[in-house]
Amino acid sequence: MMSSYTLRGWVTIGLFGALWGAVELTLGSVLHTVYPPLASTPLTGLVLSGIGVAIALTGRHFVPKRGSILLIGTVTALLKLLSVSGVKIGPVVAILVESLLMEAILWIAQTPRPWAFIVGGALAMGWNLPHMFIMPQLLLGKNATEAFGKIVQQGDQLLRLLGLNLSAASLVLIALLLAYLLAGAISGWGAWQLGDAVVRRLGTRGSTTNGGEH
Amino acid sequence: MTSLALVEIVFGLAWSRRGLQLLCSSRLWALILAVVMLGSLLIGEPSVTLGPLGLSREGFGAGLEMAGRALALTLAFSLGIGSLTLSDFVAVFDRMGLRGLGFATALALNLLGTLREMVTVTMQTIYLRGGMRRPWTALRLFLITTVANTLRYRDEIVNTATVRAFDPNDGRSPPLPLRRADLWLLAVLTGCTAVLLSLGMQ
């Protein structure tokens, strides 16, 4: 599969990986300083994933080959690992899983289509919600389940005091998931539009000299 | 977990001091402290009262276990990555027959600064030309310019690589010679794995 990539394809993968990496390293640092990791605010993930998903999908527009999004994600993850800001497992896992999900949807779609970009973007960003629960489980082990269960119980008691019940918490989670999915869908649609607009402006549509790459 | 963390620290002191820089991070220790506190507060029945807070011994132990696991995993990851340079990554990809991926990674790392500067210049140009009066148009122009400039860089790089006859799909790495030192290292690593597994079973 890898040998089907031309030099132009590899350079495009490197550059779009660098763009996503630059966003993760600059904007990510700013957002993590404003919203510390311990606060675990969903906003940081929403902004960073939204931009990252849009960049990766735009990159796919210019390297329309299987595996290109996964490769862009791999390059970004490696940049994140090699950055001077230190090693963080969570973002690296998130980047890889997001690119894998986008790649899976585009693999199902066979050829790049707007719906595949929208669904791929939505699914990739939707990963942010399970990520918030899965990563602590992986890092902290089985005791984390008990601690989280207790937090939910205490949250339920607090909600009862406010005249609400646990379904209110479920609603918050569902709303959060919908927000992620919607933001992802917008990112995917934006990436499709952006790729199209650039191709139109550069006038390279229909180029067949480089294996379908624009 | 303590023994694993100790093994990792010894490894770090011997081979990868950069990987140990993680231990100087105040964020890591804040996280560790938060996990221990959460364990004491949330797990088990309170056995010690500290003002309005009821702390449990069982929870403290569980918190320490969670913190130890998080520390050991993060440290292992940091040491593994800290002992590798970009050249090592490229060499590993080369050996795995993924020469293109190594090339793309090296390219991305070297062009990170250039791309960052390009994005800043684009943003400043749009700002100075009054783009902020129409934010949506400004955003659209910014995104199109950024992607178009990225593609322009791509063409320059492709031309440069082509004139040097570089082909990411070509070039086979010479076979890796297995020396006596490699076998010793393999034996030591197998021994360490067995010791850690037996400690984990206990």
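Every value quoted in this text rests on a predicted model; they were computed, and no experiment measured them. (Residues numbered from 1 in each chain as written. Chains lettered and ligands numbered in written order. Predicted model: local features only at pLDDT ≥ 70, side-chain atom pairs only at ≥ 80, totals over all residues. Heavy atoms only, no water.)

Caption draft 1: Broad picture of the overall build of chain A. Each helix and strand in chain A was counted, giving eight helices and zero strands. Starting at the N terminus and ending at the C terminus, chain A contains elements arranged as α-α-α-α-α-α-α-α. Out of the 214 residues in chain A, the part that is buried amounts to 50%. Long-range contacts, defined as pairs at least 24 residues apart, comprise 72% of the intrachain contacts of chain A with a sequence gap of at least 6. (Helix = DSSP H or I, 4+ residues; strand = E, 2+ residues; numbered from the N terminus. Buried < 20%, exposed > 50% of the residue type's maximum accessible area, 1.4 Å probe, protein only. Contact = heavy atoms within 4.5 Å.)

Caption draft 2: Looking closely at the environment of Thr85 of chain B. Considering the arrangement of structural elements, one finds Thr85 of chain B in the loop between helix H3 (57-82) and helix H4 (86-95). The spacing of Thr85 of chain B and Ser3 of chain B is 82 residues in sequence and 27 Å in space, taken between C-alpha atoms.

Caption draft 3: Representation of the packing of helix H3 (residues 68-82) of chain A against helix H4 (residues 89-109) of chain A within the structure. All names here are of chain A. Two elements in contact, H3 and H4, have axes whose closest approach is 8 Å; the angle formed by their N-to-C orientations is 175°. Judged by the angle between their axes, H3 and H4 are roughly antiparallel. Residues Ser68, Ile69, Leu70, Gly73, Thr74, Thr76, Ala77, Lys80 and Leu81 of H3 lie in contact with H4, whose contacting residues are Pro91, Val92, Ile95, Leu96, Ser99, Leu100, Met102, Glu103 and Leu106. Split into classes, the residues belonging to the contact of H3 with H4 amount to eleven nonpolar, five polar and two charged. (Axes fitted to C-alpha atoms, helices over the stretch in contact; angles between N-to-C directions. Parallel < 35°, antiparallel > 145°, perpendicular 65-115°, else oblique. Nonpolar A, V, L, I, M, F, W, Y, C, P; charged D, E, K, R; others polar.)

Caption draft 4: Up close: the side chain of Ser56 of chain B. Residues and elements named next belong to chain B. Position of Ser56 relative to the elements: it lies in the loop between strand S2 (53-55) and H3. Exposure remark for Ser56: the relative accessible area of 3% places this residue in the buried category. Setting aside residues no more than four positions away along its own chain, Ser56 makes contact with Ser40, Ile43, Gly44, Glu45, Pro46 and Ser47.

Caption draft 5: Up close: the pattern of salt bridges. If you walk through the whole model with that rule in mind, you get six salt bridges over all chains. Close ionic contact of Arg8 of chain A with Asp155 of chain B constitutes a salt bridge, the shortest N to O distance being 3.1 Å. Of this pair, Arg8 of chain A sits in helix H1 (residues 7-34) while Asp155 of chain B sits in helix H6 (residues 135-163), each in a different chain. A relative accessible area of 22% means that Arg8 of chain A is categorised as partly exposed. The exposure class assigned to Asp155 of chain B is partly exposed, which follows from its relative accessible area of 30%. A network of salt bridges, in which partner residues are shared, links Arg8 of chain A together with Arg154 and Asp155 of chain B. (Salt bridge = Lys/Arg side-chain N within 4 Å of Asp/Glu carboxyl O.)

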